[in-house]
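# Structural description and commentary
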Amino acid sequence: QLQLVESGGGKVQPGGSLTLSCAASERALEGYNIGWFRQSPGKEREGVGCLTTSDERTYFEDSVQGRFTISRDGAENTVYLQMNNLNPEDTATYFCAADYVPSPRHHCTTEPDPYDYWGQGTQVTVSS
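Model, not experiment: these values are computed from the prediction.

## A short note on the environment of T58
Its location among the elements puts T58 in strand β6 (residues 57-60). T58 sits in the partly exposed class, given a relative accessible area of 33%. Sequence separation between T58 and T69 is 11 residues; the distance between their C-alpha atoms is 8.2 Å. Apart from the residues within four sequence positions on either side, T58 is in contact with C50, L51 and I70.

## Overview of the pattern of salt bridges
Counted according to the given criterion, the structure contains five salt bridges. Taking the shortest distance from any N to any O, the salt bridge between R57 and D55 comes out at 3.5 Å.

## Focus on the environment of S71
With respect to the secondary-structure elements, S71 resides in strand β7 (residues 68-73). A relative accessible area of 35% places S71 in the partly exposed class. Along the chain, S71 and G8 lie 63 residues apart, while their C-alpha atoms are 15 Å from each other. Apart from the residues within four sequence positions on either side, S71 is in contact with T78, V79 and Y80.

Each value, and the rule that gives it
- Residues numbered from 1 in each chain as written.
- Predicted model: local features only at pLDDT ≥ 70, side-chain atom pairs only at ≥ 80, totals over all residues.
- Heavy atoms only, no water.
- Helix = DSSP H or I, 4+ residues; strand = E, 2+ residues; numbered from the N terminus.
- Buried < 20%, exposed > 50% of the residue type's maximum accessible area, 1.4 Å probe, protein only.
- Contact = heavy atoms within 4.5 Å.
- Salt bridge = Lys/Arg side-chain N within 4 Å of Asp/Glu carboxyl O.

None of this, on its own, says anything about what the molecule does.
What follows is the structure, encoded as structure tokens:
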């Protein structure tokens, strides 16, 4: 079955940058889109951005637009979330998730409901 493992979390000062990784099982991304989500204590899980694996196109929520980037390393089957200009509001546990898609051009979504497979999460703390 599909397995996802996040890594790269840590503490960073406001304005700093951090890159998270989402490593998938061998060939697990075939037929799947990838989403990034985050959750703070006492808050609902919210979408951050997503990657449509068939064409490598990405989408981001307004809260991170212009600051975050998603990319994919096809050879290592790993998706990256590059986070720039971080602020304390970005502090959260970050999750990657995989959504099985019915067709190659089915665009990814930051709505969590379609995602069937989730990683365990990695903590990101933004503070001085």
